[in-house]
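# A structural walkthrough
Residue-level listing of the chains:
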Amino acid sequence: MRIVSLIAVTVWIAAAAFGQNKTLRVGVAGSEPFVVKEKSGALTGVSVEIWQAVAARAGWKFEWRKFDNVPDAIDKLAAGELDAVVGPVSITAERAEHVRFTQPYFQSSLSILSRTDSPSTWQRISPFFSREFFTAAGLLLLVLAAVGTLIWMTERNSDTFPKGTKHGVANGIWFAIVTMSTVGYGDLAPKTFLGRLVTGVWIIVSVIAATSLVAGIASTLTLTGLSTTVISSAEQISGRKVAVLRHSPGEEFAQRYRGEITEVASLEEAYNLLKKQQVDAVIFDRPQLRYYLNEQHDKGLAVSSAEYMRQNYGFAMGLTSQRVHPLNVTLLQLQESGRVDRIVREWLGSDQD
């Protein structure tokens, strides 16, 4: 019985040693800066360097298996043809049904890449035909009418303003306009104490109001003269053509906001469709969008400031893999030592968001 137990233990130890020394089949997929293919054929990038640091500390041997996109690599992993997948792999509930994830090593989010177009003539002048503009203009007229009436009421017994209500109020409004604009023709001037008191208060109020009005007009003209993106928020997606990566969180996001989806296999393909105006926007992970746009030096496109669906990146392994726990421990050690943060900063800079 002891001999049988010894044999079983020996076989188990041998199997464990064989598993530890096994060369892992690691699928790698994703876009820059997480997976970067150099001209020499070597792989680097955020995800690649973090995996290499983990594997080196754990003493694992591995070989790369390159894939065009993450979903294809995940499918091969679920089928048992790979031992792990490295890249910007979003941790989702759907994927977790088929593979096991490590703890996150990076937090990302979705954003929108769109063209920047110069505003049309109507876009430049449309703020002056908005409900807000007419509301403000109407309020200004009411204030002018009220001030003009007060001036006339305080000055109607003097020789300056007509005694009749119609002409007197009209002259009072004219006086209020001239005073507000600081023109000062001198044709009308208050003579009574109450008239001068009302005028003094109006001068102070009108100076502040006129300054704010001029500043508002200047600001509106400046903003309408700037280039604007075709789609800058999720609410503008409805009914518009958007490019998304197949089976990615961006596809779910576009469906939620009723966009017309065009599936692509890579960010480069989506970028080309956007440049050809075959789609109105690209929904993709924010770090990749910013990095890719900086690499292209394309000023005709912009990434929206809005961020959606924050998501975590992790490494994926098979459902029965025994390496997930030691991988998590090693990954934690690298994070606690600051190694992971240094790798991220080297590729994305200190301002990751």
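Above: the structure in question.
Grouped together as the largest cluster of nonpolar side chains are 25 residues, with contacts concentrated most on Ile50, Trp51, Tyr105, Phe106, Phe315, Leu327 and Leu331. Only strand 1 (23-28), helix 2 (46-58), strand 5 (84-86), helix 12 (324-337) and helix 13 (339-348) provide two or more residues apiece to this core. With six residues, the top contributor of residues to this core is helix 2. With residues near it in sequence (within four places) discarded, Trp51 still touches Leu24, Val26, Trp60, Phe62, Trp64, Ala84, Val86, Phe315 and Leu327.

As a further point, take the pattern of salt bridges. According to the stated counting rule, one finds eleven salt bridges in the structure shown. Put simply, Asp280 and Arg115 hold a salt bridge, and the shortest N to O gap is 3.8 Å. With a gap of 165 residues between them, Asp280 in the loop between helix 10 (267-275) and strand 11 (281-285) and Arg115 in strand 7 (residues 106-117) connect regions that are remote in the sequence. Each of the two residues, Asp280 as well as Arg115, counts as buried. When the shortest N-O distance is used, the salt bridge between Asp298 and Lys275 registers 2.9 Å. Of the two residues, Asp298 is situated in the loop between helix 11 (286-296) and strand 12 (301-303) and Lys275 in helix 10; the sequence distance between them amounts to 23 residues. The network of salt bridges with common partners includes Lys22, Arg25 and Asp83.

Here we come to the pairing of strand 1. Put simply, side chains in a regular strand alternate between the two faces of the sheet. Relative to strand 4 (residues 61-66), strand 1 runs parallel, the two being bridged by six bridges. From the neighbouring strand, Leu24 faces strand 4, where its bridge partner is Phe62.

Attention now moves to the sheet that holds strand 6 (residues 100-101). Strand order in the open sheet formed by five strands is 4-1-5-14-6, with mixed pairing between adjacent strands. Where the open sheet ends on each side, the last strands, each with one partner, are strand 4 and strand 6. Summarising the sheet, strand 1 and strand 5 pair through three bridges and their orientation is parallel. Counterpart to Val26 in the pairing with strand 5 is Ala84.

So, about the layout of surface pockets. With a probe scaled to a water molecule rolled over the atoms, the places where space remains empty come into view. As a volume, the largest pocket reaches approximately 590 Å³. Around the largest pocket, the lining comprises 30 residues; the ones closest to its centre are Gly30, Ser31, Glu32, Ser266 and Leu267. The set of elements that each furnish at least two residues to the lining of the largest pocket consists of strand 2 (36-37), helix 3 (70-78), helix 9 (249-256), helix 10, strand 11 and helix 11. Per-class residue counts for the lining of the largest pocket are 15 nonpolar, nine polar and six charged.

Moving on, we get to helix 7 (residues 165-180). Look at helix 7: 22 Å from first C-alpha to last across 16 residues, which is about the 22 Å you get at 1.5 Å a residue. Buried within helix 7 we find Gly168, Val169, Gly172, Phe175, Ala176, Val178, Thr179 and Met180. Just beyond helix 7, the residue with positive phi is Thr182, at close to 60°.

A contiguous nonpolar surface patch, about 510 Å² in accessible area, is contributed by Phe193, Leu194, Leu197, Val201 and Val205. As for its position among the elements, Leu194 is in helix 8 (residues 193-225). Residue Leu194 is classed as exposed on the basis of its relative accessible area of 52%.

Each value, and the rule that gives it
Residues numbered from 1 in each chain as written. Predicted model: local features only at pLDDT ≥ 70, side-chain atom pairs only at ≥ 80, totals over all residues. Heavy atoms only, no water. Core = buried A, V, L, I, M, F, W, Y, C linked by side-chain atoms within 4.5 Å. Buried < 20%, exposed > 50% of the residue type's maximum accessible area, 1.4 Å probe, protein only. Helix = DSSP H or I, 4+ residues; strand = E, 2+ residues; numbered from the N terminus. Contact = heavy atoms within 4.5 Å. Salt bridge = Lys/Arg side-chain N within 4 Å of Asp/Glu carboxyl O. Pairing = 2+ DSSP bridges. 1 Å grid on protein atoms, 1.4 Å probe; cavity = no way out; pocket = protein on both sides within 12 Å on 5 of 7 lines; lining within 4 Å. Points joined across faces, edges and corners; volume = space filled by probe spheres on them. Nonpolar A, V, L, I, M, F, W, Y, C, P; charged D, E, K, R; others polar. Expected span 1.5 Å × (residues − 1). Patch = residues over 30% accessible without salt bridge, like charges linked within 9 Å, V, L, I, M, F, W, Y side chains within 5 Å. Areas by Shrake-Rupley, 256 points an atom, 1.4 Å probe, with all protein chains shown as cover.

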